[in-house]
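Fold and contact review
For reference, the chains in residue letters:
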Amino acid sequence: MRQTFALFFGWIGLVTLVGCAGTGEVIPLQLHPAPPGAEKMAKPAAAIRVALASFEDGRTYHTGLGVRTHLWGGVSYFDVAGGNPADAVAQALADYLTAKGWQVTKRGVSDNPDVVLTGKILDFSVHAKSRVGFTEVTTKTKLALQAQNVADGSTIRMTLNGSGADDVFWFEPEDAQALVNDVLTDSFGKLIQDTTVENKQLRLKSP
Amino acid sequence: MEAPWQQHSRTLGLWLIVLTTVFGCTGRRITTAVEDQTFQPGPSPVPVVEAAKVVPPTAVVPEPPKEEPGEPARVEEPKIEVLPTKPPVEEVRVEEQPVAPAHQPAVQPVQPAAVSELSDIFFDFDQYAIRGDARSGLEANAGPIKSQPHRTILIEGHCDERGTSAYNLVLGERRAQATKQYLRDLGVPSSQIQITSYGKERPFCAEHSESCWQSNRRAHFRHP
C-alpha cells in the first residue's frame, strides 16, 4: 500500500516537474470572442452599418503576446494565430459585433456605413507561469476605440482596459486562449453596454 | 506496523491534498475598466459631401497672383457640383512649374476652361474604390479630356491626415490609379493620363474633422 502511494505521487511529481519543460515553441491563440447567446437578441435596433476601418498595433513591443514559463525550465511563447494582433483583434471585434446584430464590414467603407470604427492596441499580453501544482495564466488588454458617426461627424472614444487571471492545474493552450477570449468578450461588451444607437448613430449612454 | 486508523487517516490526508491541488486553485477573474470615455460632437450638421464645399479661410486670399497665366480659371472656376474653389496649395504647385509663355492664353484660349471643367472626385476613408457619386463626375470629366487629345492631364491622389505618410502615399497613388483606370474605361487614352500621389502632404483643408478629412480624400485633376 505504501509503495503504491509512493509510486503514484512520485509519478505526479515527475510529470509536474519534468514533463512540462518548455521547448521554445510558439503557442498560437485563436481569437474568437463569443457574446453570450442570451444577449445576442438583446439589441434588435442595432441595425447599424459599421465599417471597421483600421486597427493599429500601438504596443511598445510587437513580438508575440507573452511567455509561458515552465516549472522545470524553458519557455514557450504566445502569439495570435497569423502573427498580427491588430488584424486578429479587429477581426474578433468584427465577429463580436456581427454576432450582436450589427452590420460590420472590415476595411470597407464604400457601402455607406453609419459608423467608422478604428482602434489601437495599447496593450495585449498573455503570460503563463507554472508553479508547483498549478499554472497561473494572466492576460491584459488595452484597446483604444474610436467610433465616428458619418452622418454628423461626431466621435466616441473609449479605452477598454481588460485583465484576466486564471489558475489551472493542468495547463493547456486552450486555457490561455479561453481566458483571452473571455477578456476580449468582456471588453467588447463594454462598448455595447455603454453605447446606444440613435438614428443609426452611435451615442454614449452617459456622455 | 501501523494501526488501521493511521493508514486511513494518511490516505484521507493525501487525497485531500490532491483534491485541493486540482480544484482549490481554480478561479477565473476577469475585469474590464473603461477609461477616457468621451463624446465629441461633429463639426456641423451638414452631410460630409456638403462639407467639401467649405472654403478654408486661407483659400481665398493669398495665392491668386502667383498663378501661372495659363490657368487663370482656377480661382474662379465654375464648378458647381462639388468643389467651387481650389485649395491654395494647388496654386503653389503650379508656381513650381512655370511653363506658360506669355502668349499662351491667346494661342489656346480654350484649354484653361477645359481644366476648370474637371471636377475633383472624393473617396471614402481608407478606400480607393470609385464611389457612385464620383462616377458621374468622371464621366463628365472624360468628355473635355478626350476633346483635347494632345493635352495630358495629371491626376493627383490625396489623402486625409490619418495614417502614416508612407501609407498615405501608397493610398493616394492607388486612388490616382483607380481614377485613371476608370477614365480609361470611359475611352480616355492612357497616354493622355499621368498620375502622382501627394499622400497627406498637401491637404485641402487643415482642420481635424471628418468633413475636412473628406475634402482631402480626393483625386484632383490638372495639366502637368
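A brief structural summary.

About the cut-offs
Residues numbered from 1 in each chain as written. Chains lettered and ligands numbered in written order. Predicted model: local features only at pLDDT ≥ 70, side-chain atom pairs only at ≥ 80, totals over all residues. Heavy atoms only, no water. Disulfide = S-S within 2.5 Å. Helix = DSSP H or I, 4+ residues; strand = E, 2+ residues; numbered from the N terminus. Buried < 20%, exposed > 50% of the residue type's maximum accessible area, 1.4 Å probe, protein only. Polar contact = N/O pair within 3.5 Å; in protein donor to acceptor, adjacent residues only side chain to side chain. Contact = heavy atoms within 4.5 Å. Axes fitted to C-alpha atoms, helices over the stretch in contact; angles between N-to-C directions. Parallel < 35°, antiparallel > 145°, perpendicular 65-115°, else oblique. Left-handed = near helix turned anticlockwise from the far one by under 90°.

Put plainly, a disulfide is one covalent bond tying together the sulfur atoms of two cysteines. All names here are of chain B. Inspection of every chain in the model, using the stated rule, returns 1 disulfide over all chains. Two residues share a disulfide in this structure: C205 and C212, whose sulfurs sit 1.9 Å from each other. When the S-S torsion is -125 degrees, as for the bridge of C205 with C212, the disulfide is left-handed.

Below, the discussion takes up the side chain of B:D160. All names here are of chain B. By secondary structure assignment, the location of D160 is in the loop between strand 3 (153-158) and helix 7 (165-185). In this structure D160 comes out as buried when scored by relative accessible area, which is 3%. Among the polar contacts listed, one links the side chain of D160 to the side chain of R162, at a separation of 3.0 Å. At 2.9 Å, the side chain of D160 and the side chain of R217 are in polar contact. In this structure, D160 is in contact with F125, N168, K200, W213, N216 and R217, ignoring residues within four places of it in sequence.

All right, on to the packing of helix 2 (residues 85-99) of chain A against helix 3 (residues 173-193) of chain A then. Residues and elements named next belong to chain A. Remark: helix 2 packs on helix 3, axes separated minimally by 11 Å, with the N-to-C direction vectors making an angle of 55 degrees. One way to sum up the angle between helix 2 and helix 3 is to call them oblique. Relative to helix 3, helix 2 is oriented so that their crossing is right-handed. Between helix 2 and helix 3, the contacting residues are V89, A92, L93, Y96 and L97 on the first element and T185, F188, G189, L191 and I192 on the second.

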